[in-house]
Amino acid sequence: MSIMVRPIITLTTDFGLRDSYVAEMKGVILGICPDARIVDVSHEIEKFNIRMGAFILACAAPSFPKGTIHVAVVDPGVGTKRKPILIQTKQAYFIGPDNGILTLAAEKQGIEHVYEITKTKLIRTEVSSTFHGRDIFAPTAAHLTNGIAPSMYGPEIRDFVEPSFTSIIRNKDRLIGEVLYVDCFGNIITNFGGKELKKIDASDEIAVKLGKVKLKLRITRAYGDAKERQILAIIGSHGFLEISVNQGDASEYFKARATDTIMVSHPRN
Amino acid sequence: MSIMVRPIITLTTDFGLRDSYVAEMKGVILGICPDARIVDVSHEIEKFNIRMGAFILACAAPSFPKGTIHVAVVDPGVGTKRKPILIQTKQAYFIGPDNGILTLAAEKQGIEHVYEITKTKLIRTEVSSTFHGRDIFAPTAAHLTNGIAPSMYGPEIRDFVEPSFTSIIRNKDRLIGEVLYVDCFGNIITNFGGKELKKIDASDEIAVKLGKVKLKLRITRAYGDAKERQILAIIGSHGFLEISVNQGDASEYFKARATDTIMVSHPRN
Amino acid sequence: MSIMVRPIITLTTDFGLRDSYVAEMKGVILGICPDARIVDVSHEIEKFNIRMGAFILACAAPSFPKGTIHVAVVDPGVGTKRKPILIQTKQAYFIGPDNGILTLAAEKQGIEHVYEITKTKLIRTEVSSTFHGRDIFAPTAAHLTNGIAPSMYGPEIRDFVEPSFTSIIRNKDRLIGEVLYVDCFGNIITNFGGKELKKIDASDEIAVKLGKVKLKLRITRAYGDAKERQILAIIGSHGFLEISVNQGDASEYFKARATDTIMVSHPRN
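Residues numbered from 1 in each chain as written. Chains lettered and ligands numbered in written order. Predicted model: local features only at pLDDT ≥ 70, side-chain atom pairs only at ≥ 80, totals over all residues. Heavy atoms only, no water.

Here we come to the relation of the copies chain A and chain C. In the superposition of chain A on chain C (RMSD 0.0 Å, axial shift 0.0 Å), the rotation amounts to 120 degrees. Here the transformation between the copies is reduced to the relation of a three-fold axis. Interface residue correspondence from chain A to chain C reaches only 3%, placing this contact among heterologous pairings that use different surfaces. (Least-squares fit on C-alpha atoms with pLDDT ≥ 70 in both. Contact = heavy atoms within 4.5 Å.)

Structure (structure tokens):
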């Protein structure tokens, strides 16, 4: 490394890219910390869809180096009594509203401290009640990047909101889970991962029930291991079971959406 | 600040993000000024919608630090006799076509000098007549970032194009204004702001006529102060009166679009 | 230039901007090379459309300075036996799958060496078979930026995949070419360029047949030289003949799409 660099600041919002909102956050950050390194995670989170924001952030966060500051703003409660918070984990910092958007990503890294951001006068002269992304979260991230300690922004708190993801349920020989996310390729990403998947080998055949469709699917190693347009099951790049179509859109075939129930059974269950 | 940093260059265009045009501008900038800091404001301005570009730029510019260089290119007249210009204000620089896109933002900051960019040979060997974003505006910004003074790019001029925004008209007890912009949340941003709004308090009730809809609306402090899906009026993050729906889309309800007329009356008018 | 800067890394993918994939690539790059300068070319390449990715990259690459590292990932064959490759040209480096996406841009610059990327353990501990953008191409680019030589990533190879673009055919007094791309303005970019166009002057009239439409068109110098909504022919910013509508959408009028055949004849052919 040839020069001293600041921690990265990432941004995840439902602000879209057409309006000026994302640029305003960046302008504020660069005004406070001129050599900040800002990376967009996504600004195309569905409006007010906290769960989707939480999922996307949790997918992105593990790829960033230690010390990264993740700002996430999907914030229907902006200006009401929901708290602005700063979470310190073993790996990173998470800044945003206390509505669950930060928690999924933060818990995977081991939460060490959670602070309510109350000292907003320290952060910025004027704070609107409609745009905390610009007026609280962005400046907090920038000051943190400048070296102002997490405990300076407000008191430590113990309670914070958990996002609403379902656990996997076993029903006889079937596992019942849910669709976490449908990505822009139409891949159906499920919450089967980690311990459930240890028992599944690539090349196993599993029985899947999703919506009105029941199918037996072979687990492939690569999308291209199936024929073009063929439905397949695969362990995706975040370690979750995905239902996909090689060079096609699985979500269209299954009419699948996030939060849909999916049932999986396989020989060794 | 640990290192010397260049002024920020922001980009506002109607080029979209699918094609290579924005990247070409960035490549040219970084070829001239390798440590330029480039921030996208928006590339999703509606094609040829100068007014929308002017509005988005005027929203973004106040959040950027002193010395920022704003490049804006919505340019149906590229290659014709419309002038490429550089505006110097008390706060920043604005570079783009002389068609009104720069003026709204620049005038708010106090215009000091306006230059026509004529010395294009100084800027770049070859200049196309179809892509001044890449061939004139980007290199001008990069050279300016490198320290070449504004007066070096061409002669100072006195006349420049003003964007077409409507003033507020008083008609008895009613104020008649217009819709400036509908943001991606469906918030209807009007041109009631500053002096008109001083008389309006949060919690006041106002009567609004917009399209075929007449309504009495309470002015709330935060979107979440209204019930879910309830219509509300609010002073938005840029100081303008907005008509919004808490966690919904007000523009859909009112079928509102930029330039629509809106009438507002309230008790103390 | 006030500080030592790393070569630029550009990214061209079909990953879209909604999901976390692009951010994961950037996180990996910045983890390996903290002061990397990353520029997005486009993430809106149509899913699996290698030809479109190749065209967009070839449009963008000439605007970037010498030494730039272009990463392009449109990769339906990810995890199968298609090779990850690194191409060194006289001007730049190109990293991506060996499916033709890199070749059009690289050949224009003069290819010097092509390497198969095999030493993936050198690059990253774990490599998925579904996301080489994050696990092979991004880290290769970052290590290259850090100064690890191209020959370190694997053996030099001689064969690589060429993209499928059509050559221009002469049929009596007509030239038969194809639509390379329709940009987001609806400009129809054809493969008539370079040697074919030397004979065409601005202000010439050409006869065009595209889809079911036959038209005589004047070649204008600027879009705005035609009347509003008028169809025109123009030499675009990448040196190709374009069929356009001043402030309108030519592709809608002609129902034109990439790979469509276009016939052009003009007096001096």
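Our next topic: the sheet that holds strand β1 (residues 8-13) of chain B. Taken in spatial order, the six strands make up an open sheet running β2-β1-β3-β5-β4-β6 (chain B), and their pairing is mixed. Strands with a single pairing partner mark the edges of an open sheet, and in this sheet they are β2 (37-42) and β6 (111-116) of chain B. Between one strand axis and the next, the sheet turns through 20 degrees on average, direction left out of account. The sheet contacts of helix α1 (residues 21-32) of chain A involve β1 and β2 of chain B, and relative to β2(B) the element is tilted by about 150 degrees. (Pairing = 2+ DSSP bridges. Helix = DSSP H or I, 4+ residues; strand = E, 2+ residues; numbered from the N terminus. Axes fitted to C-alpha atoms, helices over the stretch in contact; angles between N-to-C directions.)

Attention shifts here to the confidence of the model for chain A. When pLDDT is averaged across chain A, the result is 93; 96% of the residues are at 70 or more. In the model output, the complex is listed with pTM 0.95 alongside ipTM 0.95. (pLDDT = per-residue confidence, 0-100.)

Time to look at the packing of helix α1 (residues 21-32) of chain C against helix α5 (residues 132-145) of chain C. Residue and element names in this part refer to chain C. At their nearest, the axes of α1 and α5 sit 8 Å apart, and the two run at 35 degrees to each other. Crossing handedness for the pair α1 and α5: right-handed. Taking contact as the criterion, the partners of Glu24, Met25, Val28, Ile29 and Ile32 in α1 are, on α5, Gly133, Arg134, Ala138, Pro139, Ala142 and His143. Split into classes, the residues belonging to the contact of α1 with α5 amount to seven nonpolar, two polar and two charged. (Left-handed = near helix turned anticlockwise from the far one by under 90°. Nonpolar A, V, L, I, M, F, W, Y, C, P; charged D, E, K, R; others polar.)

What follows covers the pattern of salt bridges. Residue and element names in this part refer to chain A. In this structure the tally under the stated criterion is 27 salt bridges over all chains. For arginine 124, the salt bridge identified is with aspartate 135, shortest N-O distance 3.1 Å. With arginine 124 in the loop between α4 (120-123) and α5 (132-145) and aspartate 135 in helix α5, this residue pair connects regions lying 11 residues apart in the sequence. Take arginine 124: its relative accessible area is 25%, and that puts it in the partly exposed class. In this structure aspartate 135 comes out as buried when scored by relative accessible area, which is 0%. (Salt bridge = Lys/Arg side-chain N within 4 Å of Asp/Glu carboxyl O. Buried < 20%, exposed > 50% of the residue type's maximum accessible area, 1.4 Å probe, protein only.)

With that settled, consider the sheet that holds strand β6 (residues 111-116) of chain A. All names here are of chain A. Judged by pairing direction, the sheet is mixed, and its six strands sit side by side in the order β2-β1-β3-β5-β4-β6 without closing on themselves. Since the sheet does not close on itself, it has two edges, and those belong to β2 (37-42) and β6, each with one partner. On average, each strand axis in the sheet is inclined to that of its neighbour by 20 degrees, with strand direction left out of account. By the bridge criterion, five bridges tie strand β1 (residues 8-13) to strand β3 (residues 69-73) in an arrangement that is parallel.

As a further point, take the interface of chain A and chain C. Across the contact, 39 residues belong to chain A and 30 residues belong to chain C. Taken together, the two surfaces of chain A and chain C that pack against each other cover about 2,800 Å², and 62% of this comes from carbon and sulfur. At the surface where chain A touches chain C, the tally comes to zero salt bridges. Where chain A meets chain C, there are 15 residue pairs in polar contact (both at pLDDT 80 or more). Elements with a minimum of two residues in the side of chain A that touches chain C: β2, α2 (50-60), β8 (174-182) and β12 (231-235) of chain A. With five residues, β2(A) is the single largest residue contributor to the side of chain A that touches chain C. The residue inventory of the side of chain A that touches chain C, partitioned by class, reads 22 nonpolar, 11 polar and six charged. (Buried area = accessible area lost by both parts, 1.4 Å probe. Polar contact = N/O pair within 3.5 Å; in protein donor to acceptor, adjacent residues only side chain to side chain.)

The next point concerns unusual backbone geometry. Residues and elements named next belong to chain A. Positive phi outside glycine occurs at arginine 229, with the angle close to 70 degrees. Within the fold, arginine 229 resides in the loop between β11 (213-220) and β12. In the Ramachandran plot, lysine 255 falls in the positive-phi region, its phi being about 50 degrees despite a non-glycine side chain. Its place among the elements puts lysine 255 in the loop between α6 (250-254) and β14 (261-265).

Counting residues at the interface gives 39 residues for chain C and 30 residues for chain B. Together, the buried faces of chain C and chain B total about 2,800 Å²; carbon and sulfur atoms form 62% of this surface. If you sort the residues of chain C by the area they bury against chain B, Cys184(C), Phe185(C) and Ser237(C) come out on top, with a joint share of 21%. Where chain C meets chain B, there are zero salt bridges. Taken together, chain C and chain B are joined by 15 residue pairs in polar contact (both at pLDDT 80 or more). With five residues, the single largest contributor to the side of chain C that touches chain B is strand β2 (residues 37-42) of chain C. Grouping the constituent residues of the side of chain C that touches chain B by class yields 22 nonpolar, 11 polar and six charged.

In this structure, Gly79(C) sits in the loop between β3 (69-73) and β4 (84-89). Taking relative accessible area as the criterion, Gly79(C) reaches 10% and is therefore assigned buried. Sequence-wise, Gly79(C) and Val208(C) are 129 residues apart; in three dimensions their C-alpha atoms are separated by 44 Å. With residues near it in sequence (within four places) discarded, Gly79(C) still touches Arg221(A), Ala222(A), Ser129(C) and His132(C).

A regular strand carries its side chains on alternate faces of the sheet. Residues and elements named next belong to chain C. Among the five residues that make up strand β5 (residues 93-97), five are buried, leaving the element largely enclosed by the rest of the structure. In this sheet, β5 lies alongside β3 in parallel orientation, the contact comprising three bridges. Following the sheet pairing, histidine 70 is matched in β5 by phenylalanine 94. Where β4 and β5 come together, five bridges link them in antiparallel fashion. Across the sheet, leucine 86 pairs through a bridge with isoleucine 95, a residue of β5. The antiparallel pairing of β4 with β5 creates a hairpin that spans three residues between the two strands.

Once that is clear, we can look at the packing of aromatic side chains. Scanning all chains against the criterion turns up 24 aromatic pairs over all chains. Taking 5.6 Å as the distance between ring centres and 85 degrees as the angle between the ring planes, the aromatic pair formed by Phe15(A) and Phe131(A) counts as edge-to-face. Taken together, the positions of Phe15(A) in the loop between β1 and α1 and Phe131(A) in the loop between α4 and α5 put the pair 116 residues apart, joining distant regions of the chain. An identical accessibility class is assigned to Phe15(A) and Phe131(A); each is buried. Geometrically, the ring pair formed by Phe55(B) and Tyr181(B) is tilted, given 5.2 Å between the ring centres and 35 degrees between the ring planes. Highlighted residues: Phe55(B) in helix α2 (residues 50-60) and Tyr181(B) in strand β8 (residues 174-182), separated in sequence by 126 residues. Judged by its relative accessible area of 3%, Phe55(B) is buried. One aromatic cluster is present, built from ring pairs that chain together Phe15(A), Tyr21(A), Phe48(A), Phe131(A) and Phe185(B). When the ring centre of Phe185(C) is taken as reference, the NZ or CZ atom of Lys47(B) above it lies at 4.3 Å. (Phe/Tyr/Trp six-rings, centres within 6.5 Å; stacked < 30°, edge-to-face > 60°. Lys NZ or Arg CZ within 6 Å of the ring centre and 35° of its normal.)

Bringing α1(A) into the picture now. In this model, α1(A) (12 residues) spans 17 Å end to end at C-alpha, consistent with the 16 Å of a helix rising 1.5 Å per residue. Judged by how many residues are buried, α1(A) sits mostly within the fold: 10 of 12 residues are covered. (Expected span 1.5 Å × (residues − 1).)

Turning next to the side chain of Thr120(C). Residues and elements named next belong to chain C. Mapped onto the elements, threonine 120 comes out in helix α4 (residues 120-123). By relative accessible area, threonine 120 is classed as buried at 18%. Excluding residues within four positions of it along the chain, threonine 120 makes contact with Val127 and Ile136.

Next up on the list: the pairing of strand β11 (residues 213-220) of chain C. Residues and elements named next belong to chain C. For strand β10 (residues 205-210) and β11, the ladder comprises six bridges, and the chain directions are antiparallel. Its bridge partner lying in β11, isoleucine 206 is registered against leucine 217. Counted between consecutive antiparallel strands, the loop separating β10 from β11 contains two residues, among which glycine 211 sits at a positive phi close to 60 degrees. Strand direction decides the pairing type here: β11 and strand β12 (residues 231-235), joined by two bridges, are parallel. Of the residues in β12, the one forming a bridge with threonine 220 is isoleucine 234.

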